[in-house]
Amino acid sequence: MTQRASPPLPWKTRLYIALLSAVTDGARRSDGTINRCILSFFDARSSASAKPRRGVRTADVSVDPSRDLWFRLFVPSSASSGRIPVIVYFHGGGFAYLSPASRAYDAFCRRICREINALVVSVNYRLAPEHRYPAPYEDAVDVLRFLNDGGLASADATAAGLADLSRCFLAGDSAGGNMVHHVARRWAADAAGRWKNLRLAGMVLIQPFFGGEERTESEMRLAGAPLVSVERTDWLWRVFLPEGAGRDHEAANVFGPRADGELEAALPQAMVVVGGFDPLQDWQRRYYEGMTARGKAVRLLEYPDAIHAFYVFPELNQSAAFIEELKAFIE
């Protein structure tokens, strides 16, 4: 039995969601590939700007051109001296869509940068199905290494002078929220070794994309929810996970039957954000419960009337409320 799958939304929000859903559905092929030409036509992009826009200047910094690994750097104009936190951000899109230049993510990271007064490093990682697990995790770790090894100084000396790498936070939404956990584990596994300058102070998992072979109550109850459906997420897992792997693979089902060992002691505190109209919410709460059961400091932040991806729509009240909670967590 299903319930109302979405709260009342402004018409512009409904229109954008409907268009995004239609485009991504239309770009998916039955053979497990994606029509990137269709996506590029509809994925509106924002360019980086050395001149501040709404109090934030941006620059695209290359890490490894051979695999198109780069990040968009967001620097608040209000920060002229002193040290400020660094937020390394991983965008959503089911591991298959979008980039830091996508207009919605450029605007969202700009808001975070301006309102929290932090440097934001928004990572352009390789996408599935062309690049399966663990490519996005590897790209993200390499960006952390770039920061740890002083790469920012040669790319943007002013930003490097502001960056407090001892207060580095990983944040991400949906697939990016999934990445936060797995990338943090890779950092924590060698926190006392390679990582001499960069210290993770926290993780922010915004409606993270987790899953498993089981069909949860929220997945069935919210079958018609915007953006996320069982049919869509099944396809995304199929083209991201290793060939032949099921959804209980540890990348998807973190604390499932294939969970790979104890959590690292150095794993930092976390905040998990859940929306009441997100079909993935049961998996997100299980993650929170799994972390808590393993002795990790985790805060669960719930928005009962929030859809998946509510945070990128500034017209929604929950979006502004979340930014305030994020600011408090970072500070």
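Residues numbered from 1 in each chain as written. Predicted model: local features only at pLDDT ≥ 70, side-chain atom pairs only at ≥ 80, totals over all residues. Heavy atoms only, no water.

### Points about the pattern of salt bridges
Line of reasoning, step 1. Counted by the stated rule, this structure contains 29 salt bridges.
Line of reasoning, step 2. A salt bridge links Asp 60 to Arg 72; its shortest N-O distance comes to 2.7 Å. With Asp 60 in strand 1 (residues 56-64) and Arg 72 in strand 2 (residues 69-76), this pair connects stretches of sequence that are twelve residues apart.
Line of reasoning, step 3. Overall, Asp 60 belongs to the partly exposed group, its relative accessible area being 41%.
Line of reasoning, step 4. Residues Asp 64 and Arg 67 are paired through a salt bridge, measuring 2.8 Å at the closest nitrogen-oxygen approach.
Line of reasoning, step 5. For Asp 64, a relative accessible area of 21% corresponds to the partly exposed category.
Line of reasoning, step 6. By relative accessible area, Arg 67 is classed as partly exposed at 22%.
Line of reasoning, step 7. Through salt bridges with shared partners, one network takes in Asp 64, Arg 67, Arg 126, Glu 138, Asp 139, Asp 142 and Arg 145. (Salt bridge = Lys/Arg side-chain N within 4 Å of Asp/Glu carboxyl O. Helix = DSSP H or I, 4+ residues; strand = E, 2+ residues; numbered from the N terminus. Buried < 20%, exposed > 50% of the residue type's maximum accessible area, 1.4 Å probe, protein only.)

### Notes on the nonpolar core
Line of reasoning, step 1. Of all hydrophobic cores here, the largest spans 71 residues; its most connected members are Val 88 and Phe 90.
Line of reasoning, step 2. Excluding residues within four positions of it along the chain, Phe 90 makes contact with Val 123, Tyr 125, Ala 140, Leu 170, Ala 171, Gly 172, Asp 173, Gly 176, Met 179, Val 180 and Val 183.
Line of reasoning, step 3. Counting 40 residues, the second-largest nonpolar core is a separate cluster that includes Val 120, Ala 201, Leu 301 and Ile 330. (Core = buried A, V, L, I, M, F, W, Y, C linked by side-chain atoms within 4.5 Å. Contact = heavy atoms within 4.5 Å.)

### Here's the deal with a nonpolar patch on the surface
Line of reasoning, step 1. On the surface, a cluster of nonpolar side chains totalling about 350 Å² of accessible area is made up of Leu 19, Phe 41 and Phe 42.
Line of reasoning, step 2. Structurally, Phe 42 is set in helix 2 (residues 36-42). (Patch = residues over 30% accessible without salt bridge, like charges linked within 9 Å, V, L, I, M, F, W, Y side chains within 5 Å. Areas by Shrake-Rupley, 256 points an atom, 1.4 Å probe, with all protein chains shown as cover.)

### Details of the packing of helix 4 (residues 135-148) against helix 7 (residues 175-188)
Axes are the key here: two packed helices are described by the angle between their axes and the distance separating the axes.
Line of reasoning, step 1. Two numbers describe how helix 4 lies on helix 7: the axes approach to 9 Å, and their chain directions differ by 60°. Taken together, the axes of helix 4 and helix 7 are oblique relative to one another. When the axes of helix 4 and helix 7 are compared, the crossing they make is right-handed. The segment helix 4 lies against helix 7, with Pro 136, Tyr 137, Ala 140, Val 141 and Leu 144 engaging Asn 178, Met 179, His 182, Val 183 and Arg 186. (Axes fitted to C-alpha atoms, helices over the stretch in contact; angles between N-to-C directions. Parallel < 35°, antiparallel > 145°, perpendicular 65-115°, else oblique. Left-handed = near helix turned anticlockwise from the far one by under 90°.)

### Remarks on helix 10 (residues 281-293)
Line of reasoning, step 1. Over its 13 residues, helix 10 runs 18 Å from end to end, which matches the ideal 18 Å to within 8%, given 1.5 Å per residue.
Line of reasoning, step 2. Within helix 10, burial applies to Gln 281, Asp 282, Trp 283, Gln 284, Tyr 287, Gly 290 and Met 291.
Line of reasoning, step 3. The secondary structure elements touched by the buried residues of helix 10 are helix 7, strand 6 (200-206), helix 8 (217-221), strand 7 (270-277) and strand 8 (298-307).
Line of reasoning, step 4. Positive backbone phi, approximately 80°, marks Gly 295, located one or two places after helix 10. (Expected span 1.5 Å × (residues − 1).)

### Some thoughts on the state of the cysteines
Line of reasoning, step 1. This model, assessed by the stated rule, comprises zero disulfides.
Line of reasoning, step 2. In this structure Cys 109 is a free cysteine whose sulfur lies 9.1 Å from that of Cys 113, the closest cysteine sulfur available.
Line of reasoning, step 3. A relative accessible area of 0% means that Cys 109 is categorised as buried. (Disulfide = S-S within 2.5 Å.)

### Points about the side chain of Asp 173
Line of reasoning, step 1. By secondary structure assignment, the location of Asp 173 is in strand 5 (residues 163-173).
Line of reasoning, step 2. One buried charged side chain, Asp 173, makes no salt bridge at all; its nearest oppositely charged neighbour is Arg 111, positioned 11 Å away.
Line of reasoning, step 3. Engagement of the side chain of Asp 173 in a polar contact is seen with the side chain of Tyr 89, the distance being 2.6 Å.
Line of reasoning, step 4. When sequence neighbours within four positions are dropped, the list of residues in contact with Asp 173 reads Tyr 89, Phe 90, His 91, Gly 92, Tyr 105, Ile 206 and Tyr 311. (Lys, Arg positive; Asp, Glu negative; His and termini not counted. Polar contact = N/O pair within 3.5 Å; in protein donor to acceptor, adjacent residues only side chain to side chain.)

### Considering the environment of Ala 79
Line of reasoning, step 1. Looking at where Ala 79 falls in the secondary structure, it is placed in the loop between strand 2 and strand 3 (84-90).
Line of reasoning, step 2. Residue Ala 79 is classed as buried on the basis of its relative accessible area, which comes to 10%.
Line of reasoning, step 3. Spatially, the C-alpha atoms of Ala 79 and Arg 110 are 14 Å apart, while their sequence positions differ by 31 residues.
Line of reasoning, step 4. Those residues in contact with Ala 79, other than ones at most four positions away along the chain, are Ile 84, Asn 117 and Leu 162.

### With respect to the environment of Glu 219
Line of reasoning, step 1. Position of Glu 219 among the secondary structure elements: in helix 8.
Line of reasoning, step 2. Excluding anything up to four places from it in sequence, Glu 219 contacts Glu 214, Val 230, Pro 279, Leu 280 and Trp 283.
Line of reasoning, step 3. In this structure the side chain of Glu 219 is engaged in a polar contact, spanning 2.9 Å, whose partner is the backbone nitrogen of Thr 216.
Line of reasoning, step 4. A polar side-chain atom of Glu 219 sits 3.3 Å from a polar atom in the side chain of Trp 283.

### Some thoughts on the UniProt feature "domain: Alpha/beta hydrolase fold-3" (unreviewed entry) in the protein
Line of reasoning, step 1. Taking the numbering used here, the UniProt-annotated feature "domain: Alpha/beta hydrolase fold-3" (unreviewed entry) corresponds to residues 87-311.
Line of reasoning, step 2. Counted over residues 87-311, helix gives 36% and strand 20%. Its end C-alpha atoms are 16 Å apart. (UniProt positions renumbered as here; feature names shortened; annotations may be inferred.)

### Remarks on the pairing of strand 6
Line of reasoning, step 1. Judged by how many residues are buried, strand 6 sits mostly within the fold: seven of seven residues are covered.
Line of reasoning, step 2. Two strands pair when backbone bridges link them, and strand 5 and strand 6 are joined in this way by six bridges, in the parallel orientation. Its bridge partner lying in strand 6, Gly 172 is registered against Leu 205.
Line of reasoning, step 3. In this fold, the crossover linking strand 5 to strand 6 by way of helix 7 has right-handed handedness.
Line of reasoning, step 4. Direction of pairing for strand 6 relative to strand 7: parallel, over a ladder of four bridges. Considered in strand 7, the bridge of Met 203 is made with Ala 270. (Pairing = 2+ DSSP bridges. Right-handed = clockwise from strand over helix to strand, strands pointing away.)

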